[in-house]
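# Observations on chain architecture
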Amino acid sequence: MDWFTKFPTMDANSLRDLKKAIDEGFRAFTRAYGDSIEGLFEPLQHFLIWSERFMTKTPWPIILLLIALVAWFASRNWKIVAGSIATLLVIGYFDMWDDTMKTVSMIFVCTVLSIVIGIPIGILMSRSDRVQNAINPILDVMQTMPSFVYLIPVVMLLGIGKVPGLIAVVIYAIPPMIRLTNLGIRLVDKDVLEAADAFGSSSWQKLKNVQMPLALPTIMAGINQTIMMALAMVVIASMIGVQGLGQPVLKAISNQYFTLGIFNGLAIVGIAIIFDRVSQAFGARLQKHREIIHG
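Here goes a summary of the coordinates provided. Quantities reported herein were computed from a predicted structural model and do not represent experimental measurements. (Residues numbered from 1 in each chain as written. Predicted model: local features only at pLDDT ≥ 70, side-chain atom pairs only at ≥ 80, totals over all residues. Heavy atoms only, no water.)

## Quick notes on helix 7 (residues 129–144)
What counts, and what does not: For the purposes of this entry, the term helix denotes a DSSP run of H or I that reaches at least four residues, the term strand denotes a run of E that reaches at least two, and both are numbered from the N terminus. In a helix, the anticipated span is given by 1.5 Å times the number of residues less one. The quantity called bend is, for any residue, the angle between two axes fitted respectively to the seven residues ending at it and the seven beginning at it. Exposure is judged per residue with a 1.4 Å probe applied to protein chains only, and the accessible area is read against the type maximum: over 50% gives exposed, under 20% gives buried, and values in between give partly exposed. We call two residues in contact when some of their heavy atoms are within 4.5 Å. Distance and chemistry together define a polar contact, namely a pair of N or O atoms within 3.5 Å, with one atom able to donate a hydrogen and the other to accept it when in protein, and with adjacent residues in sequence counting only for side-chain atoms on both sides.
Here helix 7 spans 22 Å end to end across 16 residues, near enough to the 22 Å set by a 1.5 Å rise per residue. Bending of helix 7 peaks at approximately 25 degrees at the position of I135, with proline P137 no more than four residues after it. Residues of helix 7 that are buried: Q132, I135, L139 and M142. Considering only its buried residues, helix 7 is in contact with helix 6 (97–127), helix 8 (147–158), helix 9 (162–173) and helix 10 (175–186). N-cap assignment for helix 7: the residue whose side-chain oxygen lies 3.3 Å from the backbone N of R130 is S128.

The following block contains the structure:
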C-alpha cells in the first residue's frame, strides 16, 4: 500500500540527471551567448547611468523644482505638490537623498522600459484573441513566480550589477502594463469604433485617434501598478548590486540595524506615495477629460 500513502515520484537518479542536464545546458548557453546578450543591453546601461548621474549630480533645489513641476502638471493639485516636496525634504534631512535619487532613477528607467515594451504587446493582445491566449500564461508565470527566482537566470547570464537588477525589476513589474493596455483597448465602446469606420478611418487611425485616447486612463492605471511593483522589487534587486534605498535595508536585515531599516523603508514608502498620488491624479484628470469630450 505504499502507492496509497506515498506520492509516486520520479526516480532519484533520473531526477538528479534531469536537473544536472538542465543546469549544464543553461551554463553552456551562458558561456556561448552571455557576452553577446550583455552587448545588447549596453545602450540600456548607458541610459541608466545617465539617469542616475542626472538625479544625483543635479543640485537638489533644481530636482525638487522639477519634481514639483511634474507633480503640478500631472495633478493640478497644490496639496499633492506640497506633499511631494515635504516628503522629499524629510527624506533629504535624514541623509537619504542620494540613495533616494538612485532609486528614483531606477524606477524612471524601469517605467520607461515597461511602457516601451508593454504597450505594443498589450496592443497586439487586444487585436488578437490567439495572441492574448498565448501571452496570458506567460504573464501568469511572471506575476506568480517568486521574485527571488528572477535573479538566478539574470545573474547567470549578465553577472551582478545595475543592468541585471534592472531587467529583473522590469520582468517583475511589466505584467500590469501589458494586461491593462490590452483591457483598456478592448473596453473601448464598439459604437465609437463603428463611427470611426463609418468615417473611413484606417486601423492605425482608429488606434491612434480613438482607441488609445479612450484607453489612456486604464493604461495610466497600468503605469501606476508597474511603478508600485518596481518599488516593491527594489530591496530584492539590491541583492545583485542595484544601488539606492534597497541596499541600506538589506544591510539592516543582515546586521539587525532596526533604525536604518525603518528609515530607508519609510523613504521607499514616501516615494511610492508620491508616485501613486501623482499618477492617480493624472489618470483621474484624463478620465474627467474623456467624460467631458464623449459625454
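Having put the structure on the table, let's press on.
## A look at the packing of aromatic side chains
To keep it simple, the criterion reads: Only Phe, Tyr and Trp rings are paired, with Trp represented by its six-membered ring, and only when their centres lie within 6.5 Å; those with planes under 30 degrees apart are stacked, over 60 edge-to-face, the remainder tilted.
This structure, assessed with the given rule, holds 8 aromatic pairs. For the pair W50 and F54, a centre-to-centre distance of 5.8 Å together with 15 degrees between the ring planes defines the contact as stacked. Of the two residues, W50 and F54 both sit in helix 3 (residues 42–57), 4 residues apart, roughly one turn of that helix. Owing to a relative accessible area of 35%, F54 belongs among the partly exposed residues under this scheme. Taken together, a centroid distance of 5.7 Å and an interplanar angle of 85 degrees make the contact between Y93 and F94 edge-to-face. Take Y93: its relative accessible area is 70%, and that puts it in the exposed class. Among the aromatic residues, those joined into a cluster by ring pairs are F47, W50, F54 and F108.

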